[in-house]
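Listed below are the residues making up each chain.
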Amino acid sequence: MKKSVVAVVVTLLSATAFAQSVKEKKAWDKIDEESKAAAKYIKEKCGADVSITPDKKSWNTVELAEGPARWCISEAQSALGSLCDDADYKAAVAKNVKKITCVMDAKLPNTGSADLYGNKLSLKGGTVEWRYHKDSSNLGDNITKFLKENL
């Protein structure tokens, strides 16, 4: 009996620890909706299947999910859309970019152009990893410049 009670308590505590508030669920539902719309737009504009996904573990508060996590989607969509107006970049996007993942990295400095205003980007195996934080700036300029230099 004692083992059964312990098992029930552990199960309840685990479920509570992983519970998601309605506000948080709605914020991530909005992110999912915007990500799907961006993928559809990129498919039409670039002829490529590219997903844009904020990293849920790092954008771990409602405030971050409602704001800075979503910047990833709009800025990456805009950057890819403008690049795909050029046939050479369009071909390069289709060949080299399959996924853009955005990670919140509060440790990135944001002192100016030397540290890309709190942005860090890399491209490996078709995945662009874009690290920034709530105080980063020039996001659209930085991802556009990065893609132009790395495609």
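Refer to the structure above for everything that follows.
Everything quoted here is computed from the prediction, not taken from an experiment. (Residues numbered from 1 in each chain as written. Predicted model: local features only at pLDDT ≥ 70, side-chain atom pairs only at ≥ 80, totals over all residues. Heavy atoms only, no water.)

Here we look at the overall build of the protein chain
A tally of regular secondary structure across the protein chain gives 6 helices and 4 strands. Secondary structure elements in the protein chain, listed N-terminal to C-terminal, are α-α-β-α-α-α-β-β-β-α. For the protein chain, long-range pairs separated by at least 24 residues make up 67% of all intrachain contacts whose partners lie at least 6 apart in sequence. (Helix = DSSP H or I, 4+ residues; strand = E, 2+ residues; numbered from the N terminus. Contact = heavy atoms within 4.5 Å.)

What about the environment of Trp 59?
For Trp 59, the location among the structural elements is in the loop between strand E1 (51-54) and helix H3 (62-66). On the accessibility criterion, Trp 59 (0% relative accessible area) is buried. Measuring from C-alpha to C-alpha, the distance between Trp 59 and His 133 comes to 9.0 Å, with 74 residues separating the pair along the chain. Setting aside residues up to four positions removed in sequence, Trp 59 forms contacts with Trp 28, Pro 54, Leu 64, Ala 65, Pro 68, Ala 69, Cys 102, Val 103, Met 104, Tyr 132 and His 133. A distance of 3.1 Å separates a polar atom in the side chain of Trp 59 from the backbone oxygen of Cys 102. (Buried < 20%, exposed > 50% of the residue type's maximum accessible area, 1.4 Å probe, protein only. Polar contact = N/O pair within 3.5 Å; in protein donor to acceptor, adjacent residues only side chain to side chain.)

Digging into the environment of Asp 49
Among the secondary structure elements, Asp 49 is positioned in the loop between helix H2 (22-46) and E1. Note on Asp 49: relative accessible area 57%, which makes it exposed. Separated by 45 residues in sequence, Asp 49 and Ala 94 have C-alpha atoms that sit 7.6 Å apart. Setting aside its immediate chain neighbours within four residues, Asp 49 contacts Lys 43, Val 97 and Lys 98.

Overview of the pattern of salt bridges
Pairing between side chains of opposite charge can happen when the charged atoms of each approach one another. A full pass over the atoms with the stated rule returns 8 salt bridges. Here the salt bridges share partners, and the residues they tie into one network are Lys 30, Glu 34 and Arg 70. (Salt bridge = Lys/Arg side-chain N within 4 Å of Asp/Glu carboxyl O.)

Nothing here speaks to function; it is geometry throughout.
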